[in-house]
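Structure assessment
The residues making up each chain are set out below.
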Amino acid sequence: MAMASTFINPNFSSISISSSSSFAPRLYSLFPSSRHTPTSSSSSSSTFPRFSSQSPPSPQPPCSAIRCSAAAPPPSPSRRPPYIPNRIPDPNYVRIFDTTLRDGEQSPGATMTSKEKLDIARQLAKLGVDVIEAGFPTSSKDDFEAVKAIALEVGNAVDAHGYVPVVCGLSRCNEKDIRTAWEAVRYAKRPRIHTFIATSGIHMEHKLKMSKEKVLDIARRMVAFARSLGCDDVEFSPEDAGRSEREFLYEVLGEVIKAGATTLNIPDTVGYTIPEEFGKLIADIKANTPGIENVIISTHCQNDLGLSTANTIAGACAGARQVEVTINGIGERAGNASLEEVVMALKCRGQHVMGGLYTGINTHHIVMTSIMVEEYSGLHVQPHKAIVGANAFAHESGIHQKTLQQGRLPNASILLVAAQNDGMLKHPSTYEIISPEDIGLERSNEAGIVLGKLSGRHALKNKLHELGYDIDGEQLDNIFWRFKAVAEQKKRVADADIRALVSDEVFQPTVVWKLHDLQVTCGTLGLSTATVKLIGADGKEHIACSVGTGPVDSAYKAVDLIVKVPAALLEYSMNAVTEGIDAIATTRVLIRGENNHTSTHALTGETVHRTFSGTGAGMDIVVSSVRAYVGALNKMLSFVEQTPSEVPAERTPVSV
């Protein structure tokens, strides 16, 4: 069943299925490991001359390492320097500021519930990020509660080495936002307020409608106000710094340093700069801002021109010692600098061409974090995504051999593929600069655990452990019975099938409604009809029947009759997780409530209508579709329950 990027129109009158799957199964199992910190033997100065304000970049020295694993010294948790808000004792250490839960969630359809945000924050702590920007507390009650919950739990979970992440809340430069942010993060052991105001001419004229003097005064006063609340860790961002007038930028930054800012974040808000330009901007700020030696310089690069990772690395080489990134590079428009790309670039090349730069990230948790964010946000990782894409290590999959056998490549391509595969067999470093084990993947082992219809619960549990999942109790029971149903119809259950079932059980929102039974009748001889049985949160069964233009349309209408919450379907897509007609299908839907579940956009201040994603998996594509729709409704209902002011109206029933 090869149904890559299958798209079905909202009316479900026709189904279009492509001829090949774009979702290549992940070919390595997750490799759990304890936290560690990459180390560096270098103790060179933090000043990196390639982006000095006086000269253009100089040529890079050749790298002696041929592989990232060979380039990185053995990990040591003690290498993470003590946390001081405005200073890093080791000049080569780069703080990782993760904004997945704030900037990343601004991606359309990426709305996450408080529970999901807390789960991701726990995983980010396992990953070892220095700062978690947990949200924009003033945007909605749900965001406030999520940030507060993260501050209380994750912000107080100190590990054996004294590590605990900073928990940060975003605010605009006004007293209401700043006070709300402080109320949300103050419970953390290391709380931070991040406040911002635009400094570029185009933003001051058309968005703020303020003079330079007014912007300067507000920036100074609001940083001082944040400090007056008792927060000793205040980050300031001059929005659209990349297009700001330099002398004014230096002046604003100098004044907020005097007012008590500890970190100065330099955002390329619209992804406008190129690496040499952004590196020089950081170097110029370092050379011309009074008091800059008393703060940390940070970068925040958007990906509108596809240069966010390159710009971030350029900023670090020029003297920035904090980088703002997101998991999988998610974020509004084209996204943000990707955490996994930046971290692995520093691990791979930091020692040899960046003066010894390193981070405190435990890279073995990268893949699991990527999967969690992908599942909760509903934003699929493209197959050719660097580091975590399904094709990142595709030369190991055997696809090359299969392609050669099937004769689907021209002669020249066959020779190239054969040469690459031969090189990989002789020495991994010929085509592999990163070892998959470094990011939490274990090479597929054909002699490992193979599951089939005779496999028991213990074998499944061992396979889940091999894949990196620690699942027990009711969740394990549910996955087991679904696995047995799949195994009855497939000779061999692949790892990708197991992951799809786990995602459908584990990475789901709070259960308000659960699909119990589904029966559909469809075809060319009459109207499509669906009967749906859902189990409510109270355990009671609810049954409805409806007709529609197709099986999925009729099933969704039946669900609407039970749930009685108006929602508009915005997107629907389907993939096969493995090749073959008997593959499990995964479905993703995106819905928007008709009763305006809204929040405030951090940068523009506009009211944003939230959208909610849901995923489902099953060998029957209609069952998979209904699971996804119910999951999206559950996410929306969970959000509503945490925002009592937003009460959904009943939907007028559709006559059957």
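All of these numbers come straight from a predicted model, not from anything done at the bench. (Residues numbered from 1 in each chain as written. Predicted model: local features only at pLDDT ≥ 70, side-chain atom pairs only at ≥ 80, totals over all residues. Heavy atoms only, no water.)

**Some words on the overall build of the chain**
When you go through the chain residue by residue, the secondary structure sums to 18 helices and 20 strands. Scored against the burial criterion, the 656 residues of the chain give a buried share of 57%. Considering only residue pairs separated by 6 or more positions, the chain has 72% of its internal contacts joining residues 24 or more positions apart. (Helix = DSSP H or I, 4+ residues; strand = E, 2+ residues; numbered from the N terminus. Buried < 20%, exposed > 50% of the residue type's maximum accessible area, 1.4 Å probe, protein only. Contact = heavy atoms within 4.5 Å.)

**Some remarks on helix 15 (residues 473-487)**
For helix 15, built from 15 residues, the straight-helix expectation of 21 Å at 1.5 Å per residue is met to within 8% by its first-to-last C-alpha distance of 21 Å. Among the residues of helix 15, those classed as buried are Leu476, Ile479, Phe480, Arg482, Phe483, Val486 and Ala487. (Expected span 1.5 Å × (residues − 1).)

**What to know about the confidence of the model for the chain**
For the chain, the mean per-residue pLDDT works out to 81, and 77% of the residues sit at or above 70. Long-range and interchain partners of residues 53-64, a stretch whose pLDDT sits below 50, account for 18 contacts in this model, where long-range means more than four residues apart. A low-confidence stretch, residues 395-418 stays under pLDDT 50, and its non-local contacts, those more than four residues away or across chains, total 21 contacts. (pLDDT = per-residue confidence, 0-100.)

**Structural notes on the packing of helix 3 (residues 141-153) against helix 4 (residues 175-185)**
At a closest axis distance of 7 Å, the pairing of helix 3 and helix 4 adopts a crossing angle of 40 degrees. In terms of orientation, helix 3 and helix 4 fall into the oblique class. Listed contacts from helix 4 to Phe144, Val147, Lys148 and Ala151 of helix 3 are Thr180, Glu183, Ala184 and Val185. For the contact of helix 3 with helix 4, the residue count by class is 5 nonpolar, 1 polar and 2 charged. (Axes fitted to C-alpha atoms, helices over the stretch in contact; angles between N-to-C directions. Parallel < 35°, antiparallel > 145°, perpendicular 65-115°, else oblique. Nonpolar A, V, L, I, M, F, W, Y, C, P; charged D, E, K, R; others polar.)

**Side note on the pairing of strand 20 (residues 612-618)**
Counted residue by residue, strand 20 has 7 buried out of 7 residues, so it is predominantly covered. Taking every second residue as pointing to the same face, both faces of strand 20 are buried, with Phe612, Gly614, Gly616 and Gly618 on one and Ser613, Thr615 and Ala617 on the other. Relative to strand 20, strand 17 (residues 585-593) runs antiparallel, the two being bridged by 7 bridges. Within strand 20, the residue paired with Thr586 across the bridge is Ala617. (Pairing = 2+ DSSP bridges.)

**Here we look at the sheet that holds strand 15 (residues 541-548)**
An order of 13-14-15 is seen for the 3 strands of this open sheet, with the pairing classed as antiparallel. Only two strands of the sheet have a single partner each, and these edge strands are strand 13 (513-521) and strand 15. Between one strand axis and the next, the sheet turns by 20 degrees as a mean value, whatever way the strands run. Alignment of strand 13 against strand 14 (residues 528-536), held across 8 bridges, turns out to be antiparallel.

**A word on the pattern of salt bridges**
All chains considered together, the criterion is met by 34 salt bridges. In this structure, Lys258 and Glu255 form a salt bridge, with 3.3 Å as the shortest nitrogen-oxygen distance. Residue Lys258 and its partner Glu255 are located together in helix 7 (residues 246-259), separated by 3 residues, close to a single helical turn. Beyond isolated ion pairs, a larger network of salt bridges with shared partners links Asp217, Arg220, Arg221, Glu255 and Lys258. (Salt bridge = Lys/Arg side-chain N within 4 Å of Asp/Glu carboxyl O.)

**Some points on the packing of aromatic side chains**
One pass over the structure, following the stated rule, counts 4 aromatic pairs. When the centroid spacing of 6.3 Å and the interplanar angle of 40 degrees are considered together, the rings of Phe480 and Phe483 count as tilted. Taken together, the residues Phe480 and Phe483, both in helix 15 and 3 residues apart, mark about one turn of the helix. Residue class for Phe483 comes out buried when judged on its relative accessible area of 0%. Pairwise contacts between aromatic rings join Phe480, Trp481 and Phe483 into one cluster. In this arrangement the basic side chain of Arg457 is found over the ring face of Phe480, its NZ or CZ atom lying 4.5 Å from the centre. (Phe/Tyr/Trp six-rings, centres within 6.5 Å; stacked < 30°, edge-to-face > 60°. Lys NZ or Arg CZ within 6 Å of the ring centre and 35° of its normal.)

**Comments concerning the sheet that holds strand 8 (residues 234-239)**
The 8 strands lie next to each other as 4-5-6-7-8-9-10-11, forming a closed barrel whose pairing is parallel. Each strand of the sheet is rotated relative to its neighbour by a mean of 25 degrees, with strand direction disregarded. Direction of pairing for strand 6 (residues 166-172) relative to strand 7 (residues 191-198): parallel, over a ladder of 6 bridges. By the bridge assignment, Val167 is partnered in strand 7 with Pro191. Of the strands in this sheet, strand 9 (263-268), strand 10 (296-301) and strand 11 (322-325) touch helix 9 (residues 308-317), which is tilted by about 170 degrees from strand 10.

**Describing the side chain of Glu133**
Tracing the backbone shows Glu133 in strand 5 (residues 131-135). The class for Glu133 is buried, based on a relative accessible area of 0%. Side-chain polar atoms of Glu133 contact the side chain of Thr99, separated by 2.7 Å. Reaching out from Glu133, the side chain makes a polar contact with the side chain of Arg102 at a distance of 3.2 Å. Not counting residues up to four positions away in its chain, the partners in contact with Glu133 are Phe97, Asp98, Thr99, Leu101, Arg102, Cys168, Leu170 and His194. (Polar contact = N/O pair within 3.5 Å; in protein donor to acceptor, adjacent residues only side chain to side chain.)

**As for the environment of His300**
The residue His300 is located in strand 10 in this model. In this structure the C-alpha to C-alpha distance between His300 and Ala337, which are 37 residues apart in sequence, comes to 7.6 Å. With residues up to four places along the chain from it excluded, the contact list for His300 reads Thr99, Arg102, Asp103, Asn265, Ile266, Pro267, Asp268, Glu324 and Asn336. Side-chain polar atoms of His300 contact the side chain of Gln302, separated by 2.9 Å.

**Looking at the environment of Ile197**
Inspection of the secondary structure assignment puts Ile197 in strand 7. For the pair Ile197 and Phe236, spaced 39 residues apart in the sequence, the C-alpha separation amounts to 8.3 Å. Ile197 has contacts with Cys173, Leu208, Val215, Ile218, Ala219, Phe236, Ser237, Pro238 and Glu239, leaving out every residue within four places of it along the chain.

**A short note on unusual backbone geometry**
With a phi close to 75 degrees, Ile387 is a non-glycine residue in the positive phi region. As for its placement among the helices and strands, Ile387 is situated in the loop between helix 11 (366-377) and helix 12 (399-406). The exposure class of Ile387 is buried, given its relative accessible area of 13%. Residue Lys564 is not a glycine yet carries a positive backbone phi of 60 degrees. Structurally, Lys564 is set in the loop between helix 17 (551-563) and strand 16 (567-576).

**As for the packing of helix 9 against helix 10 (residues 339-353)**
Where helix 9 contacts helix 10, the two axes come as close as 10 Å, and the packing angle between them is 45 degrees. The pairing of helix 9 with helix 10 is recorded here as oblique in orientation. Regarding helix 9 and helix 10, the two cross each other, and that crossing is right-handed. Along the contact surface, helix 9 presents Thr309, Thr312 and Ile313, while helix 10 presents Glu341, Val342, Ala345 and Leu346. Considered class by class, the residues forming the contact of helix 9 with helix 10 number 4 nonpolar, 2 polar and 1 charged. (Left-handed = near helix turned anticlockwise from the far one by under 90°.)

**Regarding the environment of Asp143**
Residue position: Asp143 is located in helix 3. For Asp143 and Met112, which are 31 residues apart along the polypeptide, the C-alpha to C-alpha distance reads 9.4 Å. Setting aside residues up to four positions removed in sequence, Asp143 forms contacts with Glu105, Lys117, Phe136, Pro137 and Arg610.

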